[in-house]
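Survey of secondary and tertiary structure
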Amino acid sequence: MNYSDILKAKEYDFIRTDEHLGKHVILLGLAGSYSYGTNIDGSDIDVRGVTLNRKSDIIGLTQYEQYVDEKTDTCIYTFNKIISLLLSCNPNTIELLGLNPEHYLYLNDIGQMLLDNKKLFLSKRAINSFGGYADAQLRRLQNALARDSFPQAEREKHIYNSVKNSMHDFNTQFNNFYGGSLNIYVDDAVTPELDKEIFVNADLKHFPLRDYTSMFNIMTNVVREYDRLGKRNRKKDDAHLNKHAMHLVRLFMMALDILEKGEINTNRTKEHDLLMDIRFGKFQKEDGTYRDEFYEMLSDYENKLHYAAEHTELPDEPDMDKVQELVMTVNERVVRDEI
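The structure displayed is predicted, hence computed values, not measured ones. (Residues numbered from 1 in each chain as written. Predicted model: local features only at pLDDT ≥ 70, side-chain atom pairs only at ≥ 80, totals over all residues. Heavy atoms only, no water.)

The next subject is the packing of aromatic side chains. Evaluated as defined, the whole model comprises seven aromatic pairs. Consider the rings of Y3 and Y34, whose centres lie 6.4 Å apart with planes at 80°: the pair is edge-to-face. Here the residue Y3 occupies a position in the segment before α1 (13-17), and Y34 occupies one in helix α2 (residues 33-36), the gap between them amounting to 31 residues. Here Y34 falls in the buried class, since its relative accessible area comes to 10%. Ring centres 6.2 Å apart and planes at 55° place the aromatic pair F283 and F294 in the tilted group. Residue F283 is found in the loop between α11 (272-279) and α12 (292-311), and its partner F294 is found in helix α12; the two are separated by 11 residues along the sequence. Of the two residues, F283 and F294, neither departs from the other in class, the shared state being buried. Among the aromatic side chains, those forming a connected cluster through ring pairs are F283, Y290, F294 and Y295. Above the ring of Y36, the side-chain terminus of R250 is found at 3.6 Å from the ring centroid. The residue whose ring lies beneath K304 is Y301, and the NZ or CZ to ring-centre distance is 5.5 Å. (Phe/Tyr/Trp six-rings, centres within 6.5 Å; stacked < 30°, edge-to-face > 60°. Helix = DSSP H or I, 4+ residues; strand = E, 2+ residues; numbered from the N terminus. Buried < 20%, exposed > 50% of the residue type's maximum accessible area, 1.4 Å probe, protein only. Lys NZ or Arg CZ within 6 Å of the ring centre and 35° of its normal.)

Now the structure itself:
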């Protein structure tokens, strides 16, 4: 594929015509399987990029964070937005700074400046960002497998644990129950077709409705996703599960490069065969679960990640003074109409 021709297609005209894009775009690159080197026939083309904030966003009253075009799977972040994501070592955006040269579809001098300063964004924050992302992928994989293989009572406990994890996230975010209480637990079912069932005890007084709605939505989404995965089409959805399993391992690989070498390597050429073996189901058993070798591999990567986290030479936090200088240098050019 000639990557340079992708943006010439009519469906990408919005990049040239939208007021937030056009001359403000500084970087566009491939994302997803093409950037990782794990694409197959029929893989979607995903595009990610960076566009400068306009003058009115910087010193005026307008606000803008990103442009999303769902038809072409394109997401273009504003400069200030992506800086905040990069500072947290967000896996979905930090990978944009480590593409193979041929995978950059457009790159101007400011975009190159961002790439030249990519090490400014590498810090021990990567431990939590990549670790948390990998944990979410693993939990999603386990949820799907558990629905197929666990007895009903065990499946209900698994849902309970997923809800409990989400509740922990909720408590971290809202951190106040205003004189009330809410707890969830597994007990003997009252629903005839179930052995065990999740119950909730709630005693909430003067609790903000918006907070309650958010909390309820978190629990509802966990159960809904679990039920959806439980009713899956095995042939079709095994491919999705294997893709998740592959990305889980890829995340570990990328995190280790960051922590051990201080490098962002999005394309995984040297591990290509292993990743594709996972994607094509070579670690799956006939019943759809995974062989012991796969879990041994995950355990090995987890141990390596823990060791790398303890011995990395990366700073605890990014050098905010240098990041500030970069941001001011770029945004000053916008304010001075030098773009």
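Together, L209, Y212 and F216 give the surface a local cluster of nonpolar side chains, amounting to about 330 Å² of exposed area. Using a relative accessible area of 35% as the deciding quantity, one classes Y212 as partly exposed. (Patch = residues over 30% accessible without salt bridge, like charges linked within 9 Å, V, L, I, M, F, W, Y side chains within 5 Å. Areas by Shrake-Rupley, 256 points an atom, 1.4 Å probe, with all protein chains shown as cover. Salt bridge = Lys/Arg side-chain N within 4 Å of Asp/Glu carboxyl O.)

Moving on, we come to the packing of helix α6 (residues 109-116) against helix α13 (residues 320-335). For any two helices packed against each other, the geometry comes down to the angle between their axes and how far apart the axes lie. Where α6 meets α13, the closest approach of the two axes is 11 Å, and the angle between their N-to-C directions is 175°. Viewed along their axes, α6 and α13 adopt a mutual orientation that is roughly antiparallel. The segment α6 lies against α13, with D109, I110, M113 and L114 engaging L326, V330 and R333. Taken together, the residues of the contact of α6 with α13 sort by class into five nonpolar, no polar and two charged. (Axes fitted to C-alpha atoms, helices over the stretch in contact; angles between N-to-C directions. Parallel < 35°, antiparallel > 145°, perpendicular 65-115°, else oblique. Contact = heavy atoms within 4.5 Å. Nonpolar A, V, L, I, M, F, W, Y, C, P; charged D, E, K, R; others polar.)

We now examine the nonpolar core. Grouped together as the largest cluster of nonpolar side chains are 59 residues, with contacts concentrated most on F79, I94, L114, F121, V249 and F294. When residues in this core are grouped by element, the largest group, 13 residues, is from helix α10 (residues 234-261). Setting aside residues no more than four positions away along its own chain, F121 makes contact with I83, L86, L87, C89, I94, L97, L114, V323 and L326. If you look at the next biggest cluster of nonpolar residues, it comprises 15 residues, including L7, I15, L21 and L28. (Core = buried A, V, L, I, M, F, W, Y, C linked by side-chain atoms within 4.5 Å.)

What follows covers the environment of F130. As for its placement among the helices and strands, F130 is situated in helix α7 (residues 125-149). Residues F130 and F252, 122 residues apart in the sequence, show an inter-C-alpha distance of 7.6 Å. Setting aside residues no more than four positions away along its own chain, F130 makes contact with C89, P91, I94, L251, M254, A255 and I258.

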